[in-house]
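Understanding the architecture of this molecule
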Amino acid sequence: MGDMYDFRAPAMSWAQVDAAADSVRNSFRLEEVAYFPVVDVVEKLLANRFEEISFEICTHAEMDGAEGLTCPRGQFIRIREDVYEEACTGGVRARFTVSHELGHLLLHTDADKPLARAMSHEQLKPYRSAEKQANRFASTLLMPSRHISFLDSAEDLIERFGVSRPAASYRLDDLAKRGWR
Ligand SMILES: [Zn+2]
């Protein structure tokens, strides 16, 4: 799903979202690896486990400007070509976008629990927001707490995980708020 509007998703605690991100790392035996190879993993996941899901690299025009788009029925995941190329060469924003779309694919494509599109004026609770859930998934996937210490600065996270400064700062603030658990 793109970021132009939000969807009301089934309620999930951040712990549940984190567990979903951790299970991706576990299944690829990447728990010990700090820098997450998100493009490799998405391509392998879609090639092996999700044969019925197509991974499409699309032009700017085809995407109507959106950076990424995941089909709510789980039939495709689309990444804009420049975003895909950036993600392949370690572009930090692009890596987050691909992780975000993977979050939608794993959290929001259950046909039994279709998402309701939220009106733009509607204030969704964070734990019901598909966009916030996908962002949380991406944050945890790229920056697992086991690889972060309370001594780390945003600089450390940027270097270690290949993330943007806002993403690194947000992650540190959130971990500090929750007492580094
Ligand atoms: Zn999204």
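Throughout, a residue's number is its position along its own chain's written sequence, starting from 1. Totals for whole chains, interfaces and linings use all residues, but because this is a predicted model, local features are given only for residues with pLDDT of at least 70 and pairs of side-chain atoms are given and counted only at 80 or more. Remark: hydrogens and water are excluded; side-chain values derive from all non-hydrogen atoms of the structure.

1. Focus: the packing of helix H3 (residues 81-88) against helix H4 (residues 92-107)
Definition in use: Interaxial angles span 0 to 180 degrees and are taken between N-to-C directions of axes, which are lines fitted to C-alpha atoms, for helices over the stretch in contact. Secondary structure elements are taken from DSSP: a helix is a run of H or I of four residues or more, a strand is a run of E of two residues or more, and numbering for both begins at the N terminus. Each angle gets one of four labels, with under 35 degrees taken as roughly parallel, over 145 as roughly antiparallel, 65 to 115 as roughly perpendicular, and the rest as oblique. Residue contacts follow a heavy-atom distance rule, with two residues in contact if any of their heavy atoms lie within 4.5 Å. All amino acids are sorted into three groups, where Ala, Val, Leu, Ile, Met, Phe, Trp, Tyr, Cys and Pro are nonpolar, Asp, Glu, Lys and Arg are charged, and the leftover types, Gly among them, are polar.
Put simply, H3 and H4 touch, their axes get as near as 7 Å, and they point 110° apart. One element, H3, and the other, H4, form an angle in the roughly perpendicular class. Contacts between H3 and H4 involve Val83, Glu86 and Ala87 from the first element and Ala94, Arg95, Thr97 and Val98 from the second. Taken together, the residues of the contact of H3 with H4 break down into 4 nonpolar, 1 polar and 2 charged.

2. Points about a negative patch on the surface
Quick reminder of the rule: Like charges are joined within 9 Å and nonpolar side chains (Val, Leu, Ile, Met, Phe, Trp, Tyr) within 5 Å, but only among residues with over 30% relative accessible area and no salt bridge; these make up the patches. We get accessible surface area from the Shrake-Rupley algorithm with a probe of 1.4 Å; when it comes to residues, only the shown protein chains can shield them. In what follows, salt bridge is the name for a side-chain nitrogen of Lys or Arg lying within 4 Å of a carboxyl oxygen of Asp or Glu. For this count, His and the chain ends are skipped, Lys and Arg are scored as positive, and Asp and Glu as negative. Charged groups are reduced to one reference atom each: NZ for lysine, CZ for arginine, CG for aspartic acid, CD for glutamic acid.
A surface patch of like charges, here negative, comprises Glu62, Glu81, Glu85 and Glu86. Following the sequence through the fold, Glu62 ends up in the loop between strand S2 (54-58) and strand S3 (68-70).

3. With respect to the side chain of Asp18
How we decide: For every residue, the accessible area obtained with a 1.4 Å probe (protein chains only) is divided by the maximum for its type, and the residue is called buried under 20%, exposed over 50%, and partly exposed between those limits.
The topology assignment puts Asp18 in helix H1 (residues 14-27). Take Asp18: its relative accessible area is 13%, and that puts it in the buried class. Asp18 has contacts with Arg136, Thr140 and Arg178, leaving out every residue within four places of it along the chain.

4. Here's the deal with the nonpolar core
It is characteristic of soluble globular proteins that their nonpolar side chains tend to be buried jointly. Applied cut-off: For the purposes of this section, nonpolar cores are sets of buried Ala, Val, Leu, Ile, Met, Phe, Trp, Tyr and Cys residues that join through side-chain atoms within 4.5 Å.
If you look at the biggest cluster of nonpolar residues, it comprises 38 residues, and the most contacted ones within it are Phe36, Phe137 and Met143. Among the elements that line this core, the one with the most residues is helix H2 (residues 38-48), at 6 residues. Ignoring sequence-local partners within four residues, the contact set of Phe36 consists of Val24, Arg25, Leu30, Val41, Arg95, Leu141 and Leu142.

5. Overview of the sheet that holds S2
Heads up, the condition is: By the convention used here, strands pair only if DSSP detects at least 2 bridges between them.
In spatial order, the strands read S2-S4-S3; together these 3 strands make up an open sheet with mixed pairing. Looking at which strands have only one partner, the edges of the open sheet turn out to be S2 and S3. Across the sheet, the axes of successive neighbouring strands diverge by a mean angle of 15°, strand direction being ignored. Here S3 pairs with strand S4 (residues 76-80) via 3 bridges, running antiparallel. Following the sheet pairing, Thr70 is matched in S4 by Ile77. Contacting S3 and S4, H4 runs over the sheet at an angle of about 10° to S3.

6. Re H3
Formally: Taken from the helix axis, the directions to the C-beta atoms give the arc we talk about.
Listed as buried for H3 are Val83, Tyr84 and Ala87. On an axial view of H3, the arc spanned by its buried residues comes to 100°, and they lie on one face. Next to the buried residues of H3 lie H2, S2, S4 and H4.

7. Concerning helix H6 (residues 154-161)
Among all positions in H6, only Ala154, Leu157 and Phe161 are buried. Down the axis, H6 shows its buried residues gathered within 60° of arc, on one side only. Elements in contact with the buried residues of H6: H4, helix H5 (130-142) and helix H7 (165-177). A positive phi of about 65° marks Gly162, the residue just after H6.

8. Here we look at the pairing of S4
In terms of burial, S4 is a largely internal element, 4 of the 5 residues being buried. Two elements, S2 and S4, share 5 bridges in a ladder whose sense is parallel. Across the sheet, the residue bridging to Cys58 is Arg80, located in S4.

These values are about where atoms sit, not about what they do.
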